[in-house]
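Summary of the model geometry
Given next are the chains, with one letter for each unit.
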Amino acid sequence: MAYQTLIVEIEDNVALIRLNRPEALNALNSVLLGELADALKSADGNDKVRCVVITGSEKAFAAGADIKEMSSKTYVEMFGTNFFGTEPDSIGRTRKPIIAAVAGYALGGGCELAMMCDFIICADNAKFGQPEINLGIIAGIGGTQRLTRFVGKSKAMDMHLTGRFMDAAEAERSGLVSRVVPLAQLMPEAMAAAQKIAAKSQISVMAAKECVDRAYETTLNEGVLFERRLFHSMFATEDQKEGMAAFLEKREPQFRDK
Ligand SMILES: CCCCCCCCCCCCC[C@H](O)CC(=O)SCCNC(=O)CCNC(=O)[C@H](O)C(C)(C)COP(=O)(O)OP(=O)(O)OC[C@H]1O[C@@H](n2cnc3c(N)ncnc32)[C@H](O)[C@@H]1OP(=O)(O)O
């Protein structure tokens, strides 16, 4: 499908989704969000896709929701249409792993989008922030909830109340991102990580993703029990037999998602 605001390429079992509104630093408007939801649904249903990477340009992953589109909205329009209330579900429904490859600005909705992905690899020029306070609003799609869980109350409160940006080094120190790489290495690193994941058993990849996500939704004991049951279930798969046999025979496993 041809998109107006995205470039989607599928290679080596990885779907690379590049936000493509350079004139507005990939500001997230309704068209882009609708296309992104469609691209994610398509990738999740495509057997050739085993991992997804979402990225932007070298200057901006996404500079937030589109201010031009929002500026004239009223409360009744926002509340009545549940504005921005439906698209996030498409990320939550995506069972395949999603890596955010962030260079440049990831602000407001851009930071929130990156945090919705399974993990973030960023370039050394990345700048994260929730500067909605500068516009007289607050984060509206999970920024106060995820940032607080990911980096702690004090830093999250500092960022939401001052609107300051966090550079790549601080983002790594605070646990917001998994790794920082030189800008020129961002896409090679992100694609290498995606291809590594794509080579695993999709059953164990999806199980591991569900378990890590559950850590934010339940108590420790419940989470450990959830994990244990999924761990046990792995022994019903052919991939577990293949994975352990390959190790003992000192060869690479050939997983078949069975
Ligand atoms: C399918 C799954 C989807 C899952 C959902 C996840 C996404 C959901 C998105 C909705 C989120 C809603 C809730 C959210 O919390 C609310 C927000 O995000 S509010 C916006 C927050 N962002 C900002 O406040 C940043 C605004 N931008 C800036 O501060 C600066 O542009 C910059 C980033 C510091 C860069 O400054 P400069 O280098 O000087 O560049 P310019 O300012 O000149 O910008 C160039 C050009 O881009 C336009 N632009 C930049 N940011 C935006 C924007 N957010 N909206 C619209 N347009 C933007 C800017 O106007 C310039 O355009 P020009 O004037 O040249 O036409």
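Provided above is the structure to which this section pertains.
Since we're looking at a predicted model, the values are computed, not measured.

As for the pairing of strand β1 (residues 6-11)
Bridge count for β1 against strand β2 (residues 14-19) is six bridges, and the pairing is antiparallel. Paired with Glu 11 across the two strands is Val 14, which belongs to β2. Count of turn residues in the β1/β2 antiparallel hairpin: two residues, of which Asp 12 carries a positive phi of about 50°.

Details of the layout of surface pockets
When its volume is computed, the largest pocket comes out at roughly 1,100 Å³. Lining the largest pocket are 36 residues, with Met 116, Cys 117, Asp 118, Asp 213 and Tyr 216 sitting closest to its centre. When residues of the lining of the largest pocket are traced back to their parent elements, those giving at least two are α4 (87-92), α5 (109-116), β7 (119-123), α6 (143-151) and α10 (202-214). Residue contributions to the lining of the largest pocket peak at eight residues, all from α10.

Comments concerning the packing of α5 against α6
Running from N to C, α5 and α6 cross one another at 55°; their axes reach a closest spacing of 10 Å. Judged by the inter-axis angle, α5 sits oblique to α6. Considering only the axes of α5 and α6, their crossing is left-handed. Here Glu 112, Met 115 and Met 116 of α5 lie close against α6, whose contacting residues are Gly 143, Arg 146, Leu 147 and Phe 150.

Details of the site of the ligand
In the vicinity of the ligand lie 35 residues, with Ala 65, Ile 67, Gly 109, Glu 112 and Glu 132 positioned nearest. Note that an oxygen atom of the ligand is positioned 3.1 Å from one of the side-chain N or O atoms of Lys 59. Between the ligand and Ile 67 there is a distance of 2.9 Å, counted from a nitrogen atom to a backbone nitrogen or oxygen. Coverage of the ligand by the protein amounts to 74% of the 1,300 Å² it exposes when considered alone. Elements supplying a minimum of two residues to the shell around the ligand: α1 (30-44), α2 (67-70), α4, β6 (105-107) and α5. In terms of residue class, the shell around the ligand is built from 23 nonpolar, five polar and seven charged.

What counts and how
- Residues numbered from 1 in each chain as written.
- Predicted model: local features only at pLDDT ≥ 70, side-chain atom pairs only at ≥ 80, totals over all residues.
- Heavy atoms only, no water.
- Pairing = 2+ DSSP bridges.
- Helix = DSSP H or I, 4+ residues; strand = E, 2+ residues; numbered from the N terminus.
- 1 Å grid on protein atoms, 1.4 Å probe; cavity = no way out; pocket = protein on both sides within 12 Å on 5 of 7 lines; lining within 4 Å.
- Points joined across faces, edges and corners; volume = space filled by probe spheres on them.
- Axes fitted to C-alpha atoms, helices over the stretch in contact; angles between N-to-C directions.
- Parallel < 35°, antiparallel > 145°, perpendicular 65-115°, else oblique.
- Left-handed = near helix turned anticlockwise from the far one by under 90°.
- Contact = heavy atoms within 4.5 Å.
- Near = heavy atom within 4 Å.
- Polar contact = N/O pair within 3.5 Å; in protein donor to acceptor, adjacent residues only side chain to side chain.
- Areas by Shrake-Rupley, 256 points an atom, 1.4 Å probe, with all protein chains shown as cover.
- Nonpolar A, V, L, I, M, F, W, Y, C, P; charged D, E, K, R; others polar.

Functional significance is not addressed by these values, which are geometric in nature.
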